[in-house]
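Understanding the architecture of this molecule
So the chains spell out like this:
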Number of protein chains: 2
Amino acid sequence: MKALNIPENKHPRVVVIGGGFAGINLIKNLKGKPFQIVLLDKHNYHTFQPLLYQVATAGLEPDSIAYPLRKIFKDFKHFHFRVATAQSVDLKTKILLTDRGPLDFDHLIIATGSDTNYFGNESVRELSMSMKTVPEALNLRSLMLQNFEEALLTDNYSEREALMNFVIVGAGPTGVELAGALAELKNVVLPKDYPDLDIRQMNIHLVEAAGKVLPPMSDESSARAQRYLEKLGVQVWLDTMVKDYDGKKVLTNKKDLPTRTLIWAAGVTGNTLEGVPSESMEKGRILVDEFNRIKGTESFFAIGDVALMKTEQKPKGDPMVAQTAIQQGETLAKNLLRSSSGKEMKPFHYKDKGSMATVGRNKAVVDIKKFHFGGLFAWFLWMVVHLVALVGFRNRAVALLNWVYNYFSYDKGIRLIIRPWKRKITIPKEETPTV
Amino acid sequence: MKALNIPENKHPRVVVIGGGFAGINLIKNLKGKPFQIVLLDKHNYHTFQPLLYQVATAGLEPDSIAYPLRKIFKDFKHFHFRVATAQSVDLKTKILLTDRGPLDFDHLIIATGSDTNYFGNESVRELSMSMKTVPEALNLRSLMLQNFEEALLTDNYSEREALMNFVIVGAGPTGVELAGALAELKNVVLPKDYPDLDIRQMNIHLVEAAGKVLPPMSDESSARAQRYLEKLGVQVWLDTMVKDYDGKKVLTNKKDLPTRTLIWAAGVTGNTLEGVPSESMEKGRILVDEFNRIKGTESFFAIGDVALMKTEQKPKGDPMVAQTAIQQGETLAKNLLRSSSGKEMKPFHYKDKGSMATVGRNKAVVDIKKFHFGGLFAWFLWMVVHLVALVGFRNRAVALLNWVYNYFSYDKGIRLIIRPWKRKITIPKEETPTV
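Keep in mind the model is a prediction, meaning the values are calculated, not measured.

About the cut-offs
Residues numbered from 1 in each chain as written. Chains lettered and ligands numbered in written order. Predicted model: local features only at pLDDT ≥ 70, side-chain atom pairs only at ≥ 80, totals over all residues. Heavy atoms only, no water. Helix = DSSP H or I, 4+ residues; strand = E, 2+ residues; numbered from the N terminus. Rg over C-alpha atoms; globule rule 2.2 N^0.38 Å. Buried < 20%, exposed > 50% of the residue type's maximum accessible area, 1.4 Å probe, protein only. Contact = heavy atoms within 4.5 Å. Areas by Shrake-Rupley, 256 points an atom, 1.4 Å probe, with all protein chains shown as cover. Salt bridge = Lys/Arg side-chain N within 4 Å of Asp/Glu carboxyl O. Pairing = 2+ DSSP bridges. Patch = residues over 30% accessible without salt bridge, like charges linked within 9 Å, V, L, I, M, F, W, Y side chains within 5 Å. Lys, Arg positive; Asp, Glu negative; His and termini not counted. Charge placed at Lys NZ, Arg CZ, Asp CG, Glu CD. Axes fitted to C-alpha atoms, helices over the stretch in contact; angles between N-to-C directions. Parallel < 35°, antiparallel > 145°, perpendicular 65-115°, else oblique. Left-handed = near helix turned anticlockwise from the far one by under 90°. Nonpolar A, V, L, I, M, F, W, Y, C, P; charged D, E, K, R; others polar. Least-squares fit on C-alpha atoms with pLDDT ≥ 70 in both. Expected span 1.5 Å × (residues − 1).

1. A word on the overall build of chain A
Within chain A one finds eleven helices and 25 strands. Taking 2.2 N^0.38 as the reference for a compact globule, 435 residues should give roughly 22 Å; the C-alpha atoms of chain A span a radius of gyration of 23 Å, in line with that estimate. Its C-alpha atoms give chain A principal-axis dimensions of roughly 75 × 50 × 40 Å. Considering chain A as a whole, with its 435 residues, one finds that 60% of them fall into the buried category. Long-range contacts, defined here as pairs at least 24 residues apart, represent 66% of the contacts in chain A between residues at least 6 apart. For chain A, the exposed surface amounts to about 18000 Å²; the carbon and sulfur share of it is 53%.

2. Focus on the interface of chain A and chain B
At the junction of the two partners, chain A supplies 60 residues and chain B supplies 60 residues. Counting every contact that joins chain A to chain B gives twelve salt bridges. A salt bridge links Arg141 of chain A to Asp63 of chain B; the shortest N-O distance between them is 3.4 Å. Listed by contribution, the elements that provide at least two residues to the side of chain A that touches chain B are β4 (66-68), α3 (69-72), β5 (79-83), β8 (101-104), α5 (134-151), α7 (173-193) and α11 (393-409) of chain A.

3. Examining the sheet that holds strand β20 (residues 285-287) of chain B
All names here are of chain B. The strand order β19-β20-β22 describes an open sheet built from three strands, whose pairing is mixed. Both outer strands of the open sheet, β19 (281-282) and β22 (307-308), are each paired with one neighbouring strand and no more. Both β19 and β20 contribute to a ladder of two bridges, which runs antiparallel. By the bridge assignment, Met281 is partnered in β20 with Ile286.

4. A few points about the environment of Gly329 of chain B
One can find Gly329 of chain B in helix α9 (residues 322-340). Taking C-alpha positions, Gly329 of chain B is 9.5 Å from Ala302 of chain B, a pair spaced 27 residues apart along the chain.

5. Description of a positive patch on the surface
Residues and elements named next belong to chain A. The grouping of Lys334, Lys343, Lys346, Lys351 and Lys353 at the surface amounts to a positive patch. Checked against the element boundaries, Lys343 lands in the loop between α9 (322-340) and β23 (355-360). Since its relative accessible area comes to 52%, Lys343 is described here as exposed.

6. Structural notes on the pattern of salt bridges
Inspection of every chain in the model, using the stated rule, returns 38 salt bridges over all chains. Here Glu122 of chain A makes a salt bridge to Arg125 of chain A, at a shortest N to O gap of 3.4 Å. With Glu122 of chain A and Arg125 of chain A both in helix α4 (residues 122-127), this residue pair falls three residues apart, about one helical turn. Residue classification places Arg125 of chain A among the partly exposed positions, given a relative accessible area of 45%. With a closest N to O distance of 2.9 Å, Arg394 of chain A and Glu61 of chain B form a salt bridge. Taken together, the residues Arg394 of chain A in helix α11 and Glu61 of chain B in the loop between α2 (52-56) and β4 (66-68) connect one chain to another. A relative accessible area of 3% places Arg394 of chain A in the buried class. Under the relative-accessibility criterion, Glu61 of chain B is labelled buried at 0%. Here the salt bridges share partners, and the residues they tie into one network are Lys71 of chain A together with Asp193, Asp411 and Arg415 of chain B.

7. Regarding the packing of α11 of chain A against helix α11 (residues 393-409) of chain B
The axes of two packed helices give the description: the angle between them and the distance between them. Running from N to C, α11 of chain A and α11 of chain B cross one another at 160°; their axes reach a closest spacing of 10 Å. One element, α11 of chain A, and the other, α11 of chain B, form an angle in the roughly antiparallel class. The crossing of α11 of chain A and α11 of chain B is right-handed. Along its contact with α11 of chain A, which presents Phe393, Arg394, Ala397, Val398, Leu401, Asn402 and Tyr405 of chain A, the element α11 of chain B presents Phe393, Arg394, Ala397, Val398, Leu401, Asn402 and Tyr405 of chain B. Counted by class, the contact of α11 of chain A with α11 of chain B contains ten nonpolar, two polar and two charged residues.

8. Concerning the relation of the copies chain A and chain B
Here the second copy of the chain follows from the first by a rotation about an axis and a shift along it. Rotating chain A by 180° and translating it 0.0 Å along the rotation axis places it on chain B, where the RMSD comes to 0.0 Å. In the structure described here, the two chain copies are related by an operation that fits a two-fold rotation axis. Closest approach to the rotation axis within chain A is made by the C-alpha atom of Val398 of chain A, at a distance of 3.2 Å. A symmetric contact is evident, with 100% of the interface residues of chain A recurring at the interface of chain B.

9. Structural notes on the pairing of strand β14 (residues 242-245) of chain A
Residues and elements named next belong to chain A. In this sheet, strand β15 (residues 249-252) lies alongside β14 in antiparallel orientation, the contact comprising three bridges. When the bridges of β15 are listed, Asp244 appears paired with Leu251. Taking the residues between adjacent antiparallel strands as the criterion, β14 and β15 are bridged by three residues, where Gly247 takes a positive phi near 95°.

10. Focus on helix α8 (residues 219-232) of chain B
Residue and element names in this part refer to chain B. The terminal C-alpha atoms of α8 lie 20 Å apart, and with 14 residues this matches the ideal 20 Å at 1.5 Å per residue to within 8%. Within α8, burial applies to Ser221, Ser222, Arg224, Ala225, Gln226, Tyr228, Leu229 and Leu232. Turning to α8, the residues buried within the fold contact α7 (173-193), β12 (204-207), β13 (235-237), β23 (355-360), β24 (363-368) and β25 (371-374). Directly beyond the C-terminal end of α8, a positive phi value near 100° is found at Gly233.

11. A few points about the environment of Glu230 of chain B
Here Glu230 of chain B is to be found in helix α8. Judged by relative accessible area, Glu230 of chain B falls into the partly exposed class, the value being 42%.

12. Notes on the environment of Gly18 of chain B
Residues and elements named next belong to chain B. Along the polypeptide, Gly18 turns up in the loop between β1 (13-17) and α1 (21-28). Distance from Gly18 to Thr85, taken between C-alpha atoms, is 9.2 Å for residues 67 residues apart in sequence. Those residues in contact with Gly18 that sit more than four places away from it in its chain are Gly23, Leu39, Leu40, Asp41 and Ala111.

13. Some remarks on the sheet that holds strand β16 (residues 257-258) of chain A
All names here are of chain A. Pairing in this open sheet of three strands is antiparallel, and the strands run β14-β15-β16 from one edge to the other. Of all the strands in the sheet, just β14 and β16 have a single pairing partner and so form its edges. Judged from the two bridges that link them, β15 and β16 form a sheet pairing that is antiparallel. Residue pairing in the sheet places Lys249 in a bridge with Pro258 of β16.

14. So, the pairing of β8 of chain A
Here four bridges tie strand β7 (residues 95-98) of chain A to β8 of chain A, and the two strands are oriented antiparallel to one another. Paired with Leu97 of chain A across the two strands is Pro102 of chain A, which belongs to β8 of chain A.

Limitation: the analysis is restricted to geometry and does not speak to function.
Spelled out as structure tokens, the structure:
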């Protein structure tokens, strides 16, 4: 029987696991070429991860940062998409096992991206929120609003404080942007929604193990971003390590922070696949050569966050960001074509287009080569770059409309608890008041 | 301790259960008046139910038809909202029990709306989809898309047919509008997404026990709506009763319809509250007098779908539609004010503003008094009426943008399985193909 019901085809079969930036940019560059392409993803949509934090903070609809994968490739021939989760691969027999059955391939491209890294801390994994997918961002939006609804119901000061406090661990772009957005909610939105609560009890703590926020950026931009954060009221804890979390209090090497909401944005690791030889792995990522070939193999590749391309110049590889994934996808597509027509492949070289992070209204920082700037222009540039990068006209239009609305109304309107988040550590019953 | 932590107040306390059309229009008309108002709802948002079918069919984002209740009432004084589910009421002691604790009141207003009526058929209740809330509409959207993804994986003709068929029971406005929207997905959207499937296997069956579609509308409009539906390819089954459903096949008195998706839009019943005396109830709704007072009580009221106001002229009461709820909310607000200043209350009279239903692009039917018309103008009128009725500028703008996009692109772009629906009757394992 046909594997996953995919018809046989005269062209070699390229199986791509993952419809993130790497996977979709690879496939786009193979349009009309002599390959049969099979894309597998757990979800039927591509997620624009850089804007997940805005979904979590009621600024954007989830549906404007997600885009149906079938729609991206609707004009492609010899293209097949299946909603399936890859389970393991056998590189010798060239068979991939998925939750929907096995699939044979000629070329395999692992583009499974990254997952949250808890560095082995099980209680943090169990009790913290992460923000790598649309459902996770929606869970965080629900939990934040549920916390405020709960805070109204208790007279216990410390319980209320824990409900209204937010601790974000990791001051990379995700942590910084989330902290800024939460601070804006605190400053202009939540006091109107919850006049019965004393908003001064809400504290946003941003905890970072390194000595500065946005560690990969220039010192100038880091310092500027920290100033912006502090101006918005975020408490920045540098050189601070989280030791443990019990669902109510975060223990650090400096101070204990009471909170019902720990958001873990402190680390990422590769989202790897069983069956990749352990000698081709390092720290949860797949070692690849300069053509993104999995070390020790010929026609199996890994691209994007999951791939680790160590070179003499860059012993730690390129940064785990969207740009790397996009560029590796494009380069690999060209190399597959070269290879199929007997030409030599060209090595991958990362082009650093700069990096940026936004903290809040009119507040962003940008590093482009030697230029480091911030403020209104940086913020505007950040919006344009992200708007253009969104997939599809409808998504861009809806996102722009929301941003314009949010900007002029000083509001973030999507404060909906669509599906309440089920707490793992419940609020004590005895604190529920009686008449 | 204070009930639900709501501060005591010199004004009489009005507890409103339910933030639907009835509840919010009541409260809006009590702005600045000498009452303390407590609104309870299971959700923290108001749902614009007439457009739920567009959420289910990927035409609108859920977030553009839901609106945070706190935001509606953000300028109100002596107003308190709590996310809570009412459990039972004691009208003698004037205490309402909720899942978040008890609450005492002076006036009680039950505005809990309606729920799906399965007429005692347990297997239909267990296995069918309904569409009364945003999560339910999202579940239906997910299931529809999951079915198509599943259909790709099977070679079994009848299993594929059951996955691609949709049976909607009840040809009221919800059923008709949903059938039309599904037909448009079949005609212009799904064939592009699923070129490997034979779209002719997709059938949309609309089953109605009465002798015409849109039973409450004029014969002219009913006939026109049926023509529209049939033109779009919907199979309309009149005088047809559903007998049973096993998750795979709908048994009717005419023909058995194989389907994995039964959508039940055939009946509504009041969403009542334990503690309302049984002599004040009829067919699951609360009997009220012409002032919306619960029969046999003085200061307890029911408004909207849950209330049944039988008069000599209208022995069956007014229709269970948004207009009735809105008007009863407004009238009751005025009557509460009259009553508190010692004046007599005025009886409620329903003003019929007409009724309408849309079937698809340029296809709608409208009855306004003696005028019955259809086509492009009716369709345009339908859109304007629904757009204006949406709560909030942002929601209106996003909905309009989506409609304009859908109209010109012939697309419905929000084909996202955000949270997969868990089937109760699973697809047999042996049908999963192997290599």
